[in-house]
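# Summary of structural features
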Amino acid sequence: MKRHLVIAAAAAAVLAVGTLTAVAVSGSGSGGSAPTAAPAAGNGRQDTEDLREARAARVTAPQAAAAALKAVPGKVSGLDLDQDRPGLVWDVDVLGKDGRWHEITLDARTARVLDQRIDGANDDDHGQERAALGTARTDAAGAARTAAAAHGTVTSVELDDDHRAQAVWEVETLTEDGMEHKLLVDPRTGALRTAPAHDAYDDNEGGDD
């Protein structure tokens, strides 16, 4: 009989400890909130900082492209919304009619040119890009408009001349829930498709696959 009482007491003690632990975890600290679950994986990636920047920008990607081409006539090869020392800016790459590559920084709220310089890199580094721009029927602004109509605010446009065997416009967008998406626009046809999962956000990968 004593043995049964000892076992019952031990079981009660274990139950009490478990209850206290559960209470401590669910309500740790006064006014504290319960732990949140890890976000579910998906094709997009959530970035609240980029979402704040996208909402703060008053100049869209197509407008930034137009402003850059007013400063340097030619063809836009890339646009990127970025928080830089001057503030929130669009960095725009242009192949000028003078045959040189120009880097233009625009105020993302007013489209005013803040900086302009010539890329001194060897033109061999831009050979394929130059050729792809020459045959493109859809320009950077057109690619941005196509992607924005499908997936929110455009934050980056880049002509990828090393995407398999064909150059494509790589466009990054943000939807209202803060999810980033990478889309591909065919520069010859304007056709839109989603980037393959293994291609999206290569900056998170350790290798070149």
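Rules of the game
- Residues numbered from 1 in each chain as written.
- Predicted model: local features only at pLDDT ≥ 70, side-chain atom pairs only at ≥ 80, totals over all residues.
- Heavy atoms only, no water.
- Buried < 20%, exposed > 50% of the residue type's maximum accessible area, 1.4 Å probe, protein only.
- Helix = DSSP H or I, 4+ residues; strand = E, 2+ residues; numbered from the N terminus.
- Arc of directions from axis to C-beta.
- Contact = heavy atoms within 4.5 Å.
- Salt bridge = Lys/Arg side-chain N within 4 Å of Asp/Glu carboxyl O.
- Axes fitted to C-alpha atoms, helices over the stretch in contact; angles between N-to-C directions.
- Parallel < 35°, antiparallel > 145°, perpendicular 65-115°, else oblique.
- Nonpolar A, V, L, I, M, F, W, Y, C, P; charged D, E, K, R; others polar.
- pLDDT = per-residue confidence, 0-100.
- Lys, Arg positive; Asp, Glu negative; His and termini not counted.

## Brief notes about helix 2 (residues 48-56)
Among the residues of helix 2, Leu51, Glu53 and Ala54 are the ones counted as buried. When helix 2 is viewed along its axis, its buried side chains cluster within an angular range of 160 degrees and face the same direction. Those residues of helix 2 hidden inside the fold are in contact with strand 2 (74-84), strand 3 (87-96), strand 6 (153-160) and strand 7 (168-174).

## Observations regarding the pattern of salt bridges
According to the stated counting rule, one finds six salt bridges in the structure shown. Note that Arg100 is salt-bridged to Asp98, the shortest N-O span being 3.3 Å. Judged by its relative accessible area of 43%, Asp98 is partly exposed. Salt-bridge contacts for Lys182 lead to Glu170; the nearest nitrogen and oxygen are separated by 3.9 Å. Placement of Lys182 in strand 8 (residues 179-185) and of Glu170 in strand 7 is noted, with a sequence separation of 12 residues between them. The class of Lys182 is buried, set by a relative accessible area of 11%. Relative accessible area serves as the criterion here: at 15%, Glu170 is assigned to the buried category. In this structure, a network of salt bridges that share partners links the residues Glu103, Asp115 and Arg117.

## Details of unusual backbone geometry
Despite not being glycine, Ala111 has its phi angle at roughly 70 degrees, a positive value. You can see Ala111 is positioned in the loop between strand 4 (101-107) and strand 5 (113-118).

## Observations regarding the packing of helix 3 (residues 61-71) against helix 5 (residues 140-151)
Two numbers describe a pair of packed helices, the interaxial angle and the distance between the axes. Two elements in contact, helix 3 and helix 5, have axes separated by 8 Å at closest approach and are oriented at 170 degrees. One finds that helix 3 runs roughly antiparallel with respect to helix 5. Between helix 3 and helix 5, the residues in contact are Ala61, Pro62 and Ala65 and Ala141, Ala144 and Arg145, respectively. In terms of residue class, the contact of helix 3 with helix 5 is made up of five nonpolar, no polar and one charged.

## Comments concerning the confidence of the model for the protein chain
Residues of the protein chain with pLDDT of at least 70 account for 67%, and the chain-wide mean is 77. Ranking the elements of the protein chain by mean pLDDT puts helix 1 (residues 2-26) last, at 39, and helix 3 first, at 98. Residue range residues 1-43 is modelled with pLDDT below 50. Its contacts to residues more than four positions away, or to other chains, number two contacts.

## Description of the side chain of Asp160
You can see Asp160 is positioned in strand 6. Buried charge Asp160 goes without a salt bridge, the closest partner of opposite sign being Lys182 at 7.3 Å.

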